[in-house]
Structures are given as C-alpha cells and as structure tokens.
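One letter stands for each residue in the lines below.
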Amino acid sequence: AMRLPIYAADLLDKRGFQRIAKKLQRNWPSATPLSLASAREILSGGLGYRDYHDVQRSSEKVDLGAPVPTQSEVRDGISTSIFAYSRSGKIIDIGEDDLISLVTLLPLQELGAFRSFGLGRAITEEVTIFRDA
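This one's a predicted model, so the numbers in the text were calculated from it and none came from an experiment. (Residues numbered from 1 in each chain as written. Predicted model: local features only at pLDDT ≥ 70, side-chain atom pairs only at ≥ 80, totals over all residues. Heavy atoms only, no water.)

Undergrad: How should I be thinking about helix H3 (residues 52–59) in this particular structure?
TA: All buried positions along H3 are accounted for by Tyr52, Asp54, Val55, Ser58 and Ser59. The arc enclosing the buried residues of H3, seen along the axis, measures out at 155 degrees, which places them on a common side. Contact partners of the buried residues in H3: helix H1 (16–26) and helix H2 (36–46). Where H3 begins, the side chain of Asp51 points an oxygen toward the backbone nitrogen of His53, at a separation of 3.2 Å. (Buried < 20%, exposed > 50% of the residue type's maximum accessible area, 1.4 Å probe, protein only. Helix = DSSP H or I, 4+ residues; strand = E, 2+ residues; numbered from the N terminus. Arc of directions from axis to C-beta. Contact = heavy atoms within 4.5 Å. Polar contact = N/O pair within 3.5 Å; in protein donor to acceptor, adjacent residues only side chain to side chain.)

Below is the structure:
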C-alpha cells in the first residue's frame, strides 16, 4: 500500500499531522466523541501506517525517493480508515456525506510532503538543528 512520507516537522505541535488530527477530532460528525489519540490512529492508518507509533518511527528516517501519493489518494485512504474505525466501534451515525465533507475539510496541504515537494531533506535538517540547539 502507498504511504505518505511524514517528516519529523509534521509531528511537532500545531504542525501538519497534529493539526489534521485535531481537525478530524473537532469536526467528527458522530454523537460518539472522538479522542485525539483515536484521531491520530485513524489518520495514521489512512496515510498507510500501522499506527501512530509507526508514523513516529518512520518520521525519523524518511525515504526521500519514495513515491508520494496524490492528495486525492490520501483522502481516499483516510475515508477508508474512518469507515473501518466506525465499523469497529459500532458507530452508525456517520453517513457517506458526513464522511466526504469531513475528509474534504482536512488541511492535507499542511503536510511537508505536499507543502515542499522535494524539499523534505531541508525540513528534516531544520528539525534536527532545532532539536540539538
């Protein structure tokens, strides 16, 4: 399966991945609330990872040559992940329209892979310097 490269910078507070997870949580269309941890797991699965831990581990060594899926492929992946989560949690009040509008709201362009096509290396170095400072 295709996975979207997630950089260390995306995992910083208020950056790419975290912002998208919070948006997912805040706009969750079910009467059953969604925890931020669950939002992260849904997003991780939708981006092609096993879980959030897998995302964190992979962000430490991104394969810069890996193909980057399109935003619409990523939205499809996230939809599938939300659907699977809903089924497993017996959440039955999310319709297809809810799902489409929820996934459309997610600011995927905040992710490093989409923001800086091919500049992933610079972002990774920036964070390393920031961490060692």
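Undergrad: Would you mind going over the packing of H2 against helix H4 (residues 71–88) with me for this structure?
TA: Helix-helix packing is characterised by the crossing angle of the two axes and by the distance between the axes. As a packed pair, H2 and H4 sit with axes 7 Å apart at the nearest point and diverge in direction by 130 degrees. Here H2 is positioned oblique relative to H4, judged by the angle of their axes. Every pair of crossing elements has a handedness; the one defined by H2 and H4 is right-handed. Residues Ser38, Ile42, Leu43, Gly45 and Gly46 of H2 touch H4, and the partners they reach there are Val74, Gly77, Ile78, Ser81, Ile82 and Tyr85. Here the contact of H2 with H4 is composed, by residue class, of 6 nonpolar, 5 polar and no charged. (Axes fitted to C-alpha atoms, helices over the stretch in contact; angles between N-to-C directions. Parallel < 35°, antiparallel > 145°, perpendicular 65-115°, else oblique. Left-handed = near helix turned anticlockwise from the far one by under 90°. Nonpolar A, V, L, I, M, F, W, Y, C, P; charged D, E, K, R; others polar.)

Undergrad: For this particular structure, what's the right way to read the pattern of salt bridges?
TA: Oppositely charged side chains are able to pair whenever their charged atoms sit close together. By the definition in use, this model includes 6 salt bridges. Among the salt bridges present, the one from Lys14 reaches Asp13, with a minimum N-O distance of 3.4 Å. With respect to class, Lys14 is no different from Asp13; both count as exposed. For Arg50, the salt bridge goes to Asp54, with nearest N and O atoms at 3.6 Å. Taken together, the shared-partner salt bridges connect Arg3, Arg50, Asp54 and Arg57 into one network. (Salt bridge = Lys/Arg side-chain N within 4 Å of Asp/Glu carboxyl O.)

Undergrad: Sorry, what's going on with the side chain of Ser59 here?
TA: For Ser59, the location among the structural elements is in helix H3. When its relative accessible area of 5% is taken as the criterion, Ser59 is described as buried. Residues within four places of Ser59 in sequence aside, it is in contact with Ile6, Tyr7, Ala8 and Leu11.

Undergrad: Sorry if this is basic, but what is going on with the side chain of Asp54 here?
TA: Secondary-structure assignment places Asp54 in helix H3. Among the residues examined, Asp54 registers a relative accessible area of 4% and is labelled buried. Within the structure, Asp54 has its side chain in polar contact with the backbone nitrogen of Arg50 (distance 2.9 Å). If near-sequence neighbours (up to four positions away) are discounted, Asp54 is found in contact with Arg3 and Tyr49.

Undergrad: Help me understand H1 in this model?
TA: For an α-helix, 3.6 residues make a turn, and residues three or four places apart therefore share a direction. Burial in H1 covers these residues: Gly16, Phe17, Gln18, Ile20, Ala21 and Leu24. Considering only its buried residues, H1 is in contact with H2, H3, H4 and helix H5 (96–105).

Undergrad: Can you help me understand the nonpolar core in this one?
TA: Generally speaking, nonpolar side chains in soluble globular proteins are found buried as a group. The biggest cluster of nonpolar side chains holds 31 residues, and the ones touching the most others in it are Ile6, Phe17, Leu47, Ile78 and Ile82. With 4 residues, H1 is the single largest residue contributor to this core. Those residues in contact with Ile78, other than ones at most four positions away along the chain, are Leu43, Gly46, Leu47, Val103, Leu106 and Leu108. (Core = buried A, V, L, I, M, F, W, Y, C linked by side-chain atoms within 4.5 Å.)

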